[in-house]
Amino acid sequence: MGDINIKQIENLRLRTRVLEILSMIGLAGVAVLVFKEKYDLAYYWIGAVIALYIYKYFTGVSLRKKEFLSNIVEARTNELRSQRDTIQAESQKLSQALTALADAQDELLQKERMASIGQLTQGLVDRILNPLNYINNFASLSVNLAKDIKANMENDLKNGNHDNFNDSAELLVLLGSNLDKIYKHGANTVRIVKAMEELLKDRSGNRKTVDVNELCKVNLDILKRNYKEEIERNQILIHFSELSAPLTMELNIDQIGKSLQHILNNSMYAVMKKSGSSEYIPAVSLFMGIKADNLQIIIRDNGVGIDDNIKPKVFSPFFTTKTTAEAAGTGLYLAREVVSNHKGKIEIASEKDRFTEVTITMPIYQ
């Protein structure tokens, strides 16, 4: 009953009953004294009885107050218990709803993964079938050429006829060309399979503290070394705008570096493809900034841009506008996966024949 002491109420009730008994005894004593005509003693006895009644009255008042407060406390306690039970029931319903939501999210994530795997598989099949068809076709042609060469050589040996020598030489040239194409398409197939292997790697963990200014600078230096001749030949401008103050973040240095390299390589491809005009000055820029507790890395080029009809496909696995020998089409897909694993996002803005701008946004505090 809260702060109300049950023992106090029981004591007051017992005291009230005792006082009632004493009062009755007192009244009986008064009657006896009056009957015996002992009026002086009766007056004192009456006074004592009155005192008992007064004391009993205040005891009753105190008891009623205690009982009233006890009833209020008990009613409030019952109300709180009812509210507690209601809250527990609602909490249980909420917990069940959250569990159902989590299950639904897991199911949705699983469906997305399955859809992504299906997309990857389809892309892989499409990308591998093309070079494999080349390999099979040129291999078949090479087998026939080898048979023709063997037949010519046998005829020459049998008849002592050297007129077929030139024909055999031409067949050997064709055979060499076919074998060279088989090698190249086989190498392309290996590149695609290795790209698939890269897609299936675990990209979580292995994070280290790194200065993001230094990280971007290192990857720009790698770009300059890899494209040294192209940069000098086409007079490509490389611009770097770093943060005004050092900033360290927990990042997977290898994966973020590969992502930056994929994007920078695309920029170099875009400006080199547009090079040739005397008025055109190719440029690749990397800007860094902070916006609302997020790090932003912006890579911009003034190359050929991206056609509007293929913009929705640029992040699809195995999609590329380059030839199979130039790229496997997994760079931007992997970059988006890596950035997503760092709780960030990657966006592309582009205008055909004007520019392409890739913006990477990652929370500083993860």
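Per an unreviewed UniProt entry, the protein is named histidine kinase, and its organism is Parabacteroides chinchillae. Note on the protein: under the UniProt heading Catalytic activity (unreviewed entry), the record states "ATP + protein L-histidine = ADP + protein N-phospho-L-histidine."

Now for the sheet that holds strand E4 (residues 283-291). Strand order in the open sheet formed by five strands is E2-E4-E5-E7-E6, and the pairing between neighbours is mixed. Single-partner strands in this sheet number two, and they are strand E2 (237-241) and strand E6 (345-351). Across the sheet, the mean angle from the axis of one strand to that of its neighbour is 15°, orientation sign disregarded. Relative to E4, E2 runs parallel, the two being bridged by five bridges. When the bridges of E4 are listed, Leu237 appears paired with Ala283. Sitting on the sheet, helix H4 (residues 212-226) is in contact with E2, E4 and strand E5 (294-301), with an inclination near 175° to E2.

Two measures define how a pair of helices packs: the angle their axes make with one another and the distance between the axes. Remark: helix H6 (residues 253-274) packs on helix H7 (residues 331-341), axes separated minimally by 9 Å, with the N-to-C direction vectors making an angle of 145°. As for the relative orientation of H6 and H7, their crossing is left-handed in sense. Residue-level contacts link Gln255, Ile256, Ser259, His262, Ile263 and Asn266 of H6 to Gly331, Leu332, Leu334, Ala335 and Val338 of H7. Looking at side-chain class alone, the contact of H6 with H7 contains six nonpolar, five polar and no charged residues.

The residue Ile253 is located in helix H6 in this model. For Ile253, a relative accessible area of 33% translates into the label partly exposed. It is 9.5 Å that separates the C-alpha atoms of Ile253 and Val212, two residues lying 41 residues apart in sequence.

Below, the discussion takes up unusual backbone geometry. Backbone geometry places Asp293, a non-glycine residue, at a positive phi of 60°. Inspection of the secondary structure puts Asp293 in the loop between E4 and E5.

Taken together, the side chains of Val34, Tyr39, Tyr43, Ile46, Ile50, Ile54, Tyr57 and Phe58 make up a nonpolar region of the molecular surface, amounting to roughly 840 Å² of accessible area. Counting residues per element, the nonpolar patch draws most heavily on helix H2 (residues 39-159), which supplies seven residues. Along the polypeptide, Val34 turns up in helix H1 (residues 6-35).

One can find Ser267 in helix H6. In this structure Ser267 comes out as buried when scored by relative accessible area, which is 3%. There is a polar contact of 3.0 Å between the side chain of Ser267 and the side chain of Asp301. Once you skip the residues sitting within four places of it in the chain, Ser267 turns out to touch Val284, Ile299 and Asp301.

Right, let's talk about the pairing of E4 for a bit. Direction of pairing for E4 relative to E5: antiparallel, over a ladder of eight bridges. The residue bridging Met288 from the neighbouring strand is Ile297, located in E5. Hairpin remark: E4 followed by E5, antiparallel, with two residues in the connecting loop; positive phi at Ala292, about 50°.

Within this structure, the stated rule accounts for eight salt bridges. The shortest N-O distance in the salt bridge between Arg84 and Asp85 comes to 3.4 Å. Here Asp308 makes a salt bridge to Lys311, at a shortest N to O gap of 3.0 Å.

Basis of the calculations
- Residues numbered from 1 in each chain as written.
- Predicted model: local features only at pLDDT ≥ 70, side-chain atom pairs only at ≥ 80, totals over all residues.
- Heavy atoms only, no water.
- UniProt positions renumbered as here; feature names shortened; annotations may be inferred.
- Pairing = 2+ DSSP bridges.
- Helix = DSSP H or I, 4+ residues; strand = E, 2+ residues; numbered from the N terminus.
- Axes fitted to C-alpha atoms, helices over the stretch in contact; angles between N-to-C directions.
- Contact = heavy atoms within 4.5 Å.
- Left-handed = near helix turned anticlockwise from the far one by under 90°.
- Nonpolar A, V, L, I, M, F, W, Y, C, P; charged D, E, K, R; others polar.
- Buried < 20%, exposed > 50% of the residue type's maximum accessible area, 1.4 Å probe, protein only.
- Patch = residues over 30% accessible without salt bridge, like charges linked within 9 Å, V, L, I, M, F, W, Y side chains within 5 Å.
- Areas by Shrake-Rupley, 256 points an atom, 1.4 Å probe, with all protein chains shown as cover.
- Salt bridge = Lys/Arg side-chain N within 4 Å of Asp/Glu carboxyl O.
- Polar contact = N/O pair within 3.5 Å; in protein donor to acceptor, adjacent residues only side chain to side chain.

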